Amino acid sequence: MQLYLFLLLRQWVRTVMKFLNASDHIAGTVAISAVGIARDASSKMFQSFCDWAVRRLWMTVRLNEKEADLVLAWLREQPAIHDASELWLYGQRSEGKATRYEYEPEIKVTSRLRCQRPDGSSQWVWITRESREGSGGNRATVSILGRDKVVLENMLEEGREIQRRKREKFLTVVQVYDFGKEHGLNWLHPQDKDRKQPGRSISSVVLPRCVAGSTGIDQAEALLEDAREFLNSETWYTERGIPYRRGYLLYGVPGGGKSSLIMAVASELRLPIYMMSFSSERMNDEVLSSLLQYGMHDPPTILLLEDVDLLHSAVLNRHRQLQDTAGDSSPADRDKDSSDKSYEKSRRGRLTLSGLLNALDGPTATTGRLLFMTTNDRDALDPALLRSGRIDYELEFKAAVPDQIQRLFTRFYADFGGSTSALSSEGGKVMPDEGDAKLTKLSTEELAELFVKKLDASGKKLTTADIQRHLMKRKKSPTRAVEEVQELLDTFSTRDDAQVPQKETSGSAK
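Calculation rules
The numbering scheme is per chain: residues are counted from 1 as the chain's sequence reads. At least 70 in pLDDT is required for a residue's local features to be given in this predicted model, at least 80 for side-chain atom pairs to be given and counted, and no such filter applies to totals for whole chains, interfaces and linings, which use all residues. To obtain the side-chain values, all non-hydrogen atoms of the structure were used and water was disregarded. UniProt positions are given in the numbering used here, feature names are shortened, and annotations may be inferred rather than shown by experiment. Patch membership requires more than 30% relative accessible area and the absence of a salt bridge. Residues of like charge join within 9 Å; the nonpolar side chains Val, Leu, Ile, Met, Phe, Trp and Tyr join within 5 Å. Surface exposure here means Shrake-Rupley accessible area, sampled with a 1.4 Å probe, where a residue is shielded only by the protein chains that are shown. Basic side-chain nitrogens of Lys or Arg form a salt bridge, by our definition, when they fall within 4 Å of a carboxyl oxygen of Asp or Glu. Secondary structure elements follow DSSP: runs of H or I of four or more residues count as helices, runs of E of two or more count as strands, with numbering from the N terminus. Only protein chains enter the calculation, and the probe is 1.4 Å; a residue is then buried if its accessible area is under 20% of its type maximum, exposed if over 50%, and partly exposed in between. DSSP calls a pair of strands paired once it identifies at least 2 bridges connecting them. The rule is short: rings of Phe, Tyr and Trp, with Trp giving its six-membered ring, pair when the centres are within 6.5 Å, and they are stacked under 30 degrees, edge-to-face over 60, tilted in between. Here, a charge over a ring is recorded when the distance from Lys NZ or Arg CZ to the ring centre is within 6 Å and its angle to the ring normal is within 35 degrees. Only the stretch in contact is used when fitting a helix axis, every axis being a line fitted to C-alpha atoms; angles between N-to-C directions are given from 0 to 180 degrees. Here, residues are in contact when the closest pair of their heavy atoms is within 4.5 Å.

Looking at an unreviewed UniProt entry, one finds the chain named Putative mitochondrial chaperone BCS1-B and attributed to Symbiodinium microadriaticum. For the record of the chain, the UniProt heading Catalytic activity (unreviewed entry) holds the text "ATP + H2O = ADP + phosphate + H(+)". You can read under Subcellular location (unreviewed entry) in the UniProt record for the chain the words "Mitochondrion inner membrane".

Caption draft 1: The arrangement of a nonpolar patch on the surface in detail. Judged by side-chain polarity, F46, F49 and W52 come together as a nonpolar surface patch covering roughly 380 Å² of accessible area. Along the chain, W52 falls in helix α1 (residues 2–57). W52 sits in the partly exposed class, given a relative accessible area of 47%.

Caption draft 2: Summary view of the pairing of strand β14 (residues 369–375). By the criterion of burial, β14 is predominantly enclosed, with 7 of the 7 residues buried. Taking every second residue as pointing to the same face, both faces of β14 are buried, with R369, L371, M373 and T375 on one and L370, F372 and T374 on the other. Across 5 bridges, the pairing between strand β13 (residues 301–305) and β14 is parallel. Its bridge partner being in β14, L305 is matched across the sheet by M373.

Caption draft 3: Focus on the packing of aromatic side chains. A complete count under the given rule lists 12 aromatic pairs for this structure. Judged by centre distance (4.9 Å) and plane angle (80°), the rings of Y177 and F179 are edge-to-face. Seen in terms of ring centroids, Y237 and Y244 are 5.4 Å apart; in terms of plane orientation they differ by 65°. Their pairing is edge-to-face. Y237 gets classed as buried once you look at its relative accessible area, which sits at 10%. One aromatic cluster is present, built from ring pairs that chain together F230, W236, Y237 and Y244. Between the NZ or CZ atom of K258 and the centre of the ring of F397, over which it lies, the distance is 5.8 Å. One cation-aromatic arrangement involves R378 over Y251; the distance from NZ or CZ to the ring centre is 5.8 Å.

Caption draft 4: Expanded view of the sheet that holds β13. Spatially, β9-β8-β12-β13-β14-β11-β15 is the arrangement adopted by the 7 strands of the open sheet, whose pairing is mixed. Among the strands making up the open sheet, the edge pair consists of β9 (185–188) and β15 (393–397). Looking at each pair of strands side by side, their axes are set apart by 25° on average, direction ignored. In terms of strand pairing, strand β8 (residues 173–178) meets strand β12 (residues 273–275) through 3 bridges, oriented parallel. The residue of β12 that forms the bridge with V173 is I273. Relative to the sheet, helix α4 (residues 219–231) contacts β11 (245–252), β14 and β15, its axis offset from that of β11 by approximately 165°. Packing against the sheet, helix α7 (residues 285–293) makes contact with β8, β9 and β13, and its axis sits at approximately 30° to β9.

Okay, structure coming up:
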């Protein structure tokens, strides 16, 4: 009996102990869970407080490609950028005999700068640059300590001014590039590290004067003044409901200076040139409209369509195509022509004349741009391309006239200065004839007059490119250029299609 009571008591003790142990475990688990819940709640509350504080104290602005380029242009000019630990060497400039190296932050590296506010106080700014894969463009994120955006706006304005200053020395030419099936056709903006084409002055383009025989401005300066007046007349266009666009057609003989004039105008006005190409198989009406609406710099800009007479005739001359189709021809010839045109159309893409015209000045066309079209054959273009409103100013390039040749010669040898002129016994100036060997005694102006006299006597019509080629071979000796002028005359035959301009100016606005 005692043994039974002992065993029963022991079993009861064990049951109580198990219950107590289970209670302790449950209590411990509850306590741990309570601590975990309190910790998670505290963490979430702290994170929410930090997010609230950051939103109140910080401001983050994400920039697309255009604005990112402006910020990066400003960033490269800051002395503090050289204190960063990771940099890109993106370019160098020659200043005299010294070379200046330029840097920018490494991709995906944040640069912290202390900027000056307009009121003189300072403000911390964090700039992060990222590269978009595939398209080659840049994006940037600017974080500002504070809520005032004036520092960012000043950075954008200074970056825009830096880019304008660079365009004073260099010409920005943007071309269409095929980025593949995924991205298609888009503008390929040159990077700052790329080698730039130097700009040129309008005085380097020598064209005939607007009024024959006068000493007024020449046609190049007149076109530049017209472009300047357009850029300063945006309000005038807006008040009268006129689309703020200006179209120029440069046509005439090859080598007359059409492309040179466009580059000089872009350099003088500090505008980028966007060269449009229609040769890609991916080009169609939708792509063309997208290219002209997106990806270009903020206006004003220059849109260049070079040699438009060489484009597909089905696009640029619908009337000629209809005449060819309706003309007398055999069925075999018509089948062959139809096959050739179908092949050409499939090779060129789905670009149509209507799509081209709508992209240039339709309802969705951009404003604030200068359109330049060049062609050697004006008659090959469809009249719809040349109507008023699309083309406002036409300039014809013909064979060089005497006054133009003389000014070109004088400018080419401007560094030689004036020589002692040959004088007669009465003190008057003596102009040597063709066989005179004393050319070294003549000034540059007198040599230019003699050079023009020989060319004019030959009756041959030469372009400025022909004359410049002759002068380039003798760039160190103006006397040789005059003595060996017969070599120039023997090289180039008379051009029947080039006529010397008479009294009427070819640069009149339409």
